[in-house]
Amino acid sequence: MSIFKCASKLVHFSVVDLHEALPPLSLPMISNQDHLHPTSLRGLTHTAFSITAASLPQVLDLTSQLNNLEDLTIQACEKPFEEIPRLSLLAPEAFSSLKSLTLGGSPDIINLICCAFPANRTIQSAVLRMHGLYTNADIALVLSGLVATASKESLRKIIVTSVLSRNDLAEWDTNSEIDTHQFMLDIGAIEPALRFPNLEVFSACLGIPLYLADEDHLRIAQAWRSVQLLYLSSIVQRVVKGHRPPASMASLVHYARYCRSLKALGLCLDASTKASVEACTRAVNTCDGSEGTASLPSPSIQMVEFGPSWVECNFSPAHVTSLAKAFTRLFSNLAACRACRTEELGVPQAAWTWMKVQTLYEYILFATPGRKVTTTRNLWKSRLFSKWTSDYGQDYEKVALAAPGSGVEADSDDVRNAEAFNQIMYKAARDELAKISKEHEVI
């Protein structure tokens, strides 16, 4: 351990040992050649541990003594038949300087670590990483642990992820006889997080979508009014057969109305039915007629990503037009809407449909007299819109047929334009996400 005596200004420290439990790592009051010098590690601000679950007591004992610690990462791996140790409650002053906490492991392990912390730590950022398919109770257990340790006023960011293995994905294959309904997540999974009113980023990429209803989205929008990035979509497109998302397009109205700092939104909604769009229109009308509420359209929302509702959609020009018109009443600065994860599964129709909606949204703003257009357009798009103005005017259903992604009235220029628009839309969406949060889990 003599190396630490020569590193008096050490601020970053990491340990990786996935084979056996670590030896005691306490910082004694009196140093000798067999122990760490107390002043050598007390200046640490960032520590990271990738360990077996059996090493958790040693790691927490060490890190709880670091008075300047700001960033702590613990990735705990459970070995087969390994007994999970009991963790003692830490001293009330432990982790008083901690700002960023990253925990990885099973839901039980993450909850165990959090519950060992003193309450009301002024943590600002929490990243919680798991592997596998989990139920409502599992996800709620993880977030309940965070509620037990983090101050509800200080926390600004929660990112919770679960990466699925090939075996996990096999459970969703068409030939699988496993009842996937047990993995349907609803508001109960994330309800503990609603206790943090000052969140600016909440991302739940759990491998499967959250099946939320319109009233659930209303609760979320009213609870997290300061949110800038809200991501409730899924890492891969896996849906429960025969179950459409219960939320309609009307849920977008709640976020446009209450979340006035929101920039990027990822949801699992049902926009494939006429009733869903009509519900949105009614909600917009109700909002416009209300007194004392924030006005529409929202000037802040720049990117909307839709979840796995679009696997089987094939919208008519009338439906595309209805969606685009609804967008013009909801958003004034939308840079991109996408359903790219569906396209990645080899079903491009959905993504092309949303390119039509996006393009028609911009064209309606372009063609409406007196409407201020704030969306980004390059030279080819201006020429294209001008041509549509002379050919179609405000006959938007014909424009929907001619929009990128349609085989109708397409020529070589249209194909090139569609390809260019495709690149613009996806780049805008990814850039917007990257700008709001640099965490790779939300990209």
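All values derive from a computational prediction rather than experimental measurement.

A. Seen up close, the overall build of the protein. Per the secondary structure count, the protein includes 15 helices and eleven strands. Taking the contacts inside the protein whose residues are at least 6 apart along the sequence as the reference set, 82% of them involve residues at least 24 apart.

B. Region of interest: the packing of aromatic side chains. Scanning the model with the defined rule gives ten aromatic pairs in all. Judged by centre distance (4.7 Å) and plane angle (35°), the rings of F202 and W224 are tilted. A residue pair is termed long-range when its members are at least 10 positions apart, and F202 in strand β7 (residues 201–205) and W224 in the loop between α7 (214–223) and β8 (229–231) qualify at 22 residues. Pair check on accessibility: F202 and W224 agree, each one buried. Chaining the aromatic ring pairs together yields one cluster made of Y363, F366, F385, W388 and Y396.

C. Examining the side chain of S151 more closely. The topology assignment puts S151 in the loop between α4 (136–149) and β6 (157–163). Excluding residues within four positions of it along the chain, S151 makes contact with N120, R121, T122 and F196.

D. Broad picture of the sheet that holds strand β4 (residues 100–104). Spatial strand order, β1-β2-β3-β4-β5-β6-β7-β8-β9-β10-β11: eleven strands in an open sheet with parallel pairing. Edge positions in the sheet fall to β1 (12–17) and β11 (336–338), since each of these pairs with one other strand and no more. Each strand axis lies, on average, 10° off the axis of its neighbour in the sheet, ignoring direction. Note that β8 and strand β9 (residues 264–267) share three bridges and pair parallel. Within β9, the position partnered with L229 by the bridge is A264. Helix-sheet contacts for α4 involve β5 (125–131) and β6, and the interaxial angle to β5 is about 150°.

E. Geometry of the pairing of β4. Counting buried residues in β4 gives five out of five residues, a clear majority hidden from the surface. Sheet topology note: the strand β3 (residues 71–77)/β4 ladder contains five bridges and is parallel. Within β4, the residue paired with I74 across the bridge is L103. The handedness of the β4 to β5 crossover, carried by helix α3 (residues 107–116), is right-handed.

F. Molecular detail of the pattern of salt bridges. Counted according to the given criterion, the structure contains five salt bridges. R156 is the partner of E200 in a salt bridge, and the nearest nitrogen-oxygen pair spans 3.8 Å. With E200 in the loop between α6 (187–190) and β7 and R156 in the loop between α4 and β6, this pair connects stretches of sequence that are 44 residues apart. When its relative accessible area of 30% is taken as the criterion, E200 is described as partly exposed. When its relative accessible area of 30% is taken as the criterion, R156 is described as partly exposed. Where E278 meets K274, a salt bridge forms, and the shortest distance between an N and an O atom there is 3.8 Å. Here E278 and its partner K274 are both found in helix α9 (residues 274–288), four residues apart, which amounts to about one turn of the helix. Residue E278 is classed as partly exposed on the basis of its relative accessible area, which comes to 35%.

Cut-offs applied
- Residues numbered from 1 in each chain as written.
- Predicted model: local features only at pLDDT ≥ 70, side-chain atom pairs only at ≥ 80, totals over all residues.
- Heavy atoms only, no water.
- Helix = DSSP H or I, 4+ residues; strand = E, 2+ residues; numbered from the N terminus.
- Contact = heavy atoms within 4.5 Å.
- Phe/Tyr/Trp six-rings, centres within 6.5 Å; stacked < 30°, edge-to-face > 60°.
- Buried < 20%, exposed > 50% of the residue type's maximum accessible area, 1.4 Å probe, protein only.
- Pairing = 2+ DSSP bridges.
- Axes fitted to C-alpha atoms, helices over the stretch in contact; angles between N-to-C directions.
- Right-handed = clockwise from strand over helix to strand, strands pointing away.
- Salt bridge = Lys/Arg side-chain N within 4 Å of Asp/Glu carboxyl O.

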